[in-house]
Amino acid sequence: MSGTISTERWEAVPLAPPDSIFKLTASYKADTHPDKINLGVGAYRDDDSKPWVLPVVKKATEILLNDSTVDHEYLPITGLPEYTSAAARLVFGKDSPVIKEGRVTSVQTISGTGANHLGALFLSRFYGWNEKRAYLSDPTWVNHHAIFPQVGIPVSTYPYYDPQTIGLAFPAFLETLRSAPARSVFLLHACAHNPTGVDPTREQWTAIADVMLEKGHFAFFDSAYQGFASGDLEGDAWAVREFVRRDVPLLVCQSFAKNAGLYGERVGALHVVSPSKEAADRIKSQLSVLARAEISNPPAHGARLVSLILNDEALFEEWKRDIRTMAGRIIDMRKELHRLLTEELKTPGNWDHIVNQIGMFSFTGIGPAQSQALVEKAHIYLTANGRISMAGLNSHNIRYFAAQLDKVVRGEL
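Residues numbered from 1 in each chain as written. Predicted model: local features only at pLDDT ≥ 70, side-chain atom pairs only at ≥ 80, totals over all residues. Heavy atoms only, no water.

Asker: In this structure, what is going on with the environment of Ser-371? I would like to understand it.
Answerer: Position of Ser-371 relative to the elements: it lies in helix α15 (residues 368-378). For the pair Ser-371 and Thr-383, spaced 12 residues apart in the sequence, the C-alpha separation amounts to 7.0 Å. A distance of 3.4 Å separates the side chain of Ser-371 from the backbone oxygen of Ala-384, its partner in a polar contact. (Helix = DSSP H or I, 4+ residues; strand = E, 2+ residues; numbered from the N terminus. Polar contact = N/O pair within 3.5 Å; in protein donor to acceptor, adjacent residues only side chain to side chain.)

Asker: What am I meant to see in the packing of helix α5 (residues 111-126) against helix α11 (residues 277-294) here?
Answerer: The angle between the axes and the distance between the axes are what describe a pair of packed helices. Closest axis-to-axis distance for the α5/α11 pair is 11 Å, and the angle between their directions is 120 degrees. The angle between the axes of α5 and α11 places the two elements in the oblique class. Crossing hand, α5 versus α11: right-handed. Contacts between α5 and α11 pair His-117, Leu-118, Leu-121, Phe-122, Arg-125 and Phe-126 from the former with Ile-283, Gln-286, Leu-287, Leu-290, Ala-291 and Glu-294 from the latter. (Axes fitted to C-alpha atoms, helices over the stretch in contact; angles between N-to-C directions. Parallel < 35°, antiparallel > 145°, perpendicular 65-115°, else oblique. Left-handed = near helix turned anticlockwise from the far one by under 90°. Contact = heavy atoms within 4.5 Å.)

Asker: Looking at this structure, I do not really get empty space enclosed by the protein. What am I missing?
Answerer: It is a probe the size of a water molecule, rolled over the atoms, that shows where empty space is left. Summed over the entire model, instances satisfying the criterion amount to one cavity of 30 Å³ or more. One number sums up the size of the largest cavity: a volume of about 30 Å³. If you trace the largest cavity, you find it lined by Tyr-158, Tyr-160, Phe-173, Leu-188, His-189, Pro-200 and Trp-205. Residue composition of the lining of the largest cavity, grouped by class: six nonpolar, one polar and no charged. (1 Å grid on protein atoms, 1.4 Å probe; cavity = no way out; pocket = protein on both sides within 12 Å on 5 of 7 lines; lining within 4 Å. Points joined across faces, edges and corners; volume = space filled by probe spheres on them. Nonpolar A, V, L, I, M, F, W, Y, C, P; charged D, E, K, R; others polar.)

Asker: Can you help me understand the nonpolar core in this one?
Answerer: One broad rule of soluble globular proteins: the nonpolar side chains tend to lie buried together. Of all hydrophobic cores here, the largest spans 64 residues; its most connected members are Tyr-83, Phe-256, Trp-319, Leu-337, Leu-393 and Phe-401. Looking at this core, the elements with two or more residues in it are α2 (55-65), α3 (81-92), β10 (267-273), α12 (301-311), α13 (313-344), α15, β12 (380-381) and α16 (398-410). The element best represented in this core is α13, accounting for 10 residues. What Trp-319 contacts, discounting residues up to four positions off in sequence, is Leu-54, Val-56, Leu-90, Leu-233, Phe-256, Asn-259, Ala-260, Ile-309 and Leu-310. Counting residues in hydrophobic clusters, the runner-up holds 36 residues, among them Ala-209, Val-240, Val-248 and Phe-363. (Core = buried A, V, L, I, M, F, W, Y, C linked by side-chain atoms within 4.5 Å. Buried < 20%, exposed > 50% of the residue type's maximum accessible area, 1.4 Å probe, protein only.)

Asker: Help me understand the sheet that holds strand β4 (residues 155-159) in this model?
Answerer: Within the open sheet, the seven strands sit side by side as β2-β10-β9-β8-β7-β3-β4. Their pairing is mixed. Of all strands in the sheet, those bounded by a partner on one side alone are β2 (104-110) and β4. On average, each strand axis in the sheet is tilted by 25 degrees relative to the strand beside it, whichever way the strands run. Sheet analysis places strand β9 (residues 250-255) next to β10, joined by five bridges and oriented antiparallel. The residue bridging Gln-254 from the neighbouring strand is Ala-269, located in β10. Packing against the sheet, helix α7 (residues 170-179) makes contact with β3 (134-138), β4 and β7 (185-189), and its axis sits at approximately 140 degrees to β4. (Pairing = 2+ DSSP bridges.)

Now the structure itself:
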């Protein structure tokens, strides 16, 4: 044999850029400045900047540890049934007709990311597209831009954030809904829009549903913050439930990372609403095939914790109190930051958006150069678009942050 067959050396594999948020966190950890603040991470912190294990989660963990019937066998492909059914009741309401009529297909997923992926993969395979394309808000959670193309769905953006008002670009949003091809898929944030913190009003949600129905569009809801946004589980589910009430075709991606503090347990669910139980059964069969090929079976521990909390009345009430604690602290930080900027520092500009926005994140309205100055000169770590995690602020650092924000707005940093 005159020649030799070369083996693969992976020389054509390009080096991918690091994830921007994880890179920001690494820079923060390497910084030794005593006043450094991390406002990039999307995770709740208590008033001492520490991760908070919810008391109800500690209680549920203790129950599981002392349950002699708990084993480590495989869960069903579609997940722990008592978890997925309770998760569906949480988002749709226990008396929802779609639940009573068996028209919801619920599958346990690897948190909200897994739900987004499985939902997108299902639509890629089975949705009756006029034009295969998903519409994402501008801006949106950065991972949405990776998930859809990875399953063969190109993405376009629709106007959402108006930098002039630091609010919702509602007329332009509606115009895109009207001009998009019939039966288009629109990804909608159920509440606490990430990254802007800007949500439609109920009247605006109603108008959005009107156009969705007129054009036969499909609503791909990402629900990562139910309860965490306002402290009210029912109120935060209003948009999803209103769309269900009006028979807008939809699915919901659900996560318990934020509202249960179970970030590392990866507890999520995908819920697809169907026009009939027969259609729901067929959808479940195909979701089972897709899930089997990717993860075989979902992890058990986090699902068991959430199932205990959702299905036990006393634990559920305690969870609601824990949610109000988290949401309440973030709301308090919004109010205090607004007060410092407007009353004490008299920072130039209108800062009402700080208290009008909702949830973990807030768009400050500052630009990339100002954001970079805060990172490099004030040791305040935030993303280049001016987004901050309100959970990173507390009674110990908020005055320092407000003072540095005031300086950068005045061009004095």
